[in-house]
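Residue-level listing of the chains:
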Amino acid sequence: PKEAAVLHGMLLGRRESALPTHSFERVGVAHLLSVSGLHLIFWLGLFWSLGKGFHLSDRILGLLAIPVVALFVLIAGGGAPALRAGTMTLLALFGDLTERPTRGPQLLAVAAAVILALRPLEVFALGFWLSFAACAGLIIVYPRWEQALSNYPWFVKSRPLFLSLAAQLMVTPLIAKFYGGVSLIAPVANLILVPLGGLAVQIGLVAALCGLVFLPLARLLNGGNTVIINLFCQLIAFLAKAPGYLSF
């Protein structure tokens, strides 16, 4: 039940009583419980890998990805983070298919306009601001760092850390305001926990699909996934006890 609650939280954004939400917040990985662009990357990464296994071209995969993205938004409940990620991805896919270049800031602005046109009250939701702030860090702040520091070997070797740091930098004021504290170890914790959580989410998604066809295989996958999620939970519990959390 504990591992299932964690998987449900990361895969579907469902908050169950057995989910250690406070530990996620303290370590700085609460975004794993908000179904957004990161989760869409997990979905599309799995879909693209399967497509390449069947030797499908990028153009065909781009066309097939459109209903995959739409299904993701529907399963995620159409929340602001998922709708933002879905809108930006569909626009990027449209740009690739029509050979028209797209820019991240423009996609972000259009996604905000779409969400506020459909649900204007989202402007008062924390999830709306966290999602757009983190995305702005990745597509606006980080490219400036890369442009200024790309000639330094130490920057090239630590790009994942700077990507995580750019996103954390933008959401830190919001997290400090609404959660009453910030985690100083969040950039490093994300480097460890996000890939592990992504693996658990992808296996969980495959198991869910297999369960519709052959239940024993789904049980086997979930059994292996239990080991991964248990390791994930132990790491979160360990990092949550480590120093580096500032309360306001």
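Residues numbered from 1 in each chain as written. Predicted model: local features only at pLDDT ≥ 70, side-chain atom pairs only at ≥ 80, totals over all residues. Heavy atoms only, no water.

1. Considerations on unusual backbone geometry
Link 1 in the chain: Even without being a glycine, His-55 presents a positive backbone phi close to 60°.
Link 2 in the chain: Inspection of the secondary structure assignment puts His-55 in the loop between helix 3 (37-53) and helix 4 (58-75).
Link 3 in the chain: The phi torsion at Glu-99 lies on the positive side, around 60°, for a residue other than glycine.
Link 4 in the chain: Among the secondary structure elements, Glu-99 is positioned in the loop between helix 5 (80-97) and helix 6 (104-118). (Helix = DSSP H or I, 4+ residues; strand = E, 2+ residues; numbered from the N terminus.)

2. Some remarks on the packing of aromatic side chains
Link 1 in the chain: Overall, the coordinates contain ten aromatic pairs when judged by the stated rule.
Link 2 in the chain: For the ring pair Phe-128 and Phe-132, a centre distance of 4.7 Å and an interplane angle of 40° mean the geometry is tilted. In this pair, Phe-128 and Phe-132 are both assigned in helix 7 (residues 126-149), four residues apart and thus about one turn of the helix distant. Summarising the burial analysis for this pair, Phe-128 and Phe-132 share the class buried.
Link 3 in the chain: Taking the centre distance of 6.2 Å and the plane angle of 20° together, the rings of Tyr-142 and Phe-155 count as stacked. Of this pair, Tyr-142 sits in helix 7 while Phe-155 is found in helix 8 (residues 153-157), placing the two residues 13 residues apart along the sequence.
Link 4 in the chain: Residue class for Tyr-142 comes out buried when judged on its relative accessible area of 8%.
Link 5 in the chain: Look at Phe-155 and you get buried, because its relative accessible area is 0%. (Phe/Tyr/Trp six-rings, centres within 6.5 Å; stacked < 30°, edge-to-face > 60°. Buried < 20%, exposed > 50% of the residue type's maximum accessible area, 1.4 Å probe, protein only.)

3. Let's talk about a nonpolar patch on the surface
Link 1 in the chain: Together, Leu-209, Leu-212, Val-213, Phe-214, Leu-217 and Leu-220 make up a nonpolar patch on the protein surface, roughly 680 Å² of accessible area in all.
Link 2 in the chain: Locating Leu-209 in the fold gives a position in helix 10 (residues 186-211).
Link 3 in the chain: On the basis of relative accessibility, which here comes to 48%, the residue Leu-209 falls in the partly exposed class. (Patch = residues over 30% accessible without salt bridge, like charges linked within 9 Å, V, L, I, M, F, W, Y side chains within 5 Å. Areas by Shrake-Rupley, 256 points an atom, 1.4 Å probe, with all protein chains shown as cover. Salt bridge = Lys/Arg side-chain N within 4 Å of Asp/Glu carboxyl O.)

4. Some points on helix 4
Link 1 in the chain: For helix 4, which comprises 18 residues, the first-to-last C-alpha distance of 25 Å matches the rise-based estimate of 26 Å (1.5 Å per residue) to within 8%.
Link 2 in the chain: Ala-65 marks where helix 4 bends most, by close to 30°; the proline Pro-67 follows one to four residues later.
Link 3 in the chain: Those residues of helix 4 lying buried are Leu-61, Gly-62, Ala-65, Val-68, Val-69, Phe-72 and Val-73.
Link 4 in the chain: Contact partners of the buried residues in helix 4: helix 3 and helix 5.
Link 5 in the chain: Among the residues trailing helix 4, Gly-77 stands out with phi positive, at a value near 85°. (Expected span 1.5 Å × (residues − 1). Bend = angle between axes of the 7 residues up to and from the residue. Contact = heavy atoms within 4.5 Å.)

5. Structural notes on the side chain of Arg-84
Link 1 in the chain: Structurally, Arg-84 can be placed in helix 5.
Link 2 in the chain: Buried and unpaired, Arg-84 has no salt bridge, with Glu-122 as the nearest side chain of opposite charge at 11 Å.
Link 3 in the chain: In contact with Arg-84, not counting residues within four places along its chain, are Ser-36, Gly-37, Leu-108, Ala-111, Ile-115, Ser-131, Phe-132 and Cys-135. (Lys, Arg positive; Asp, Glu negative; His and termini not counted.)

6. Re helix 7
Link 1 in the chain: Relative to the 34 Å expected for 24 residues at 1.5 Å per residue, helix 7 spans 32 Å between its end C-alpha atoms, a close match to the ideal helical length.
Link 2 in the chain: Approximately 35° is the largest bend angle found in helix 7, and it occurs at Gly-137.
Link 3 in the chain: Every buried residue of helix 7 is accounted for by Phe-128, Ser-131, Phe-132, Ala-133, Cys-135, Ala-136, Gly-137, Val-141 and Tyr-142.
Link 4 in the chain: Of the surrounding secondary structure, the elements contacted by the buried residues of helix 7 are helix 5, helix 6, helix 8 and helix 9 (159-179).

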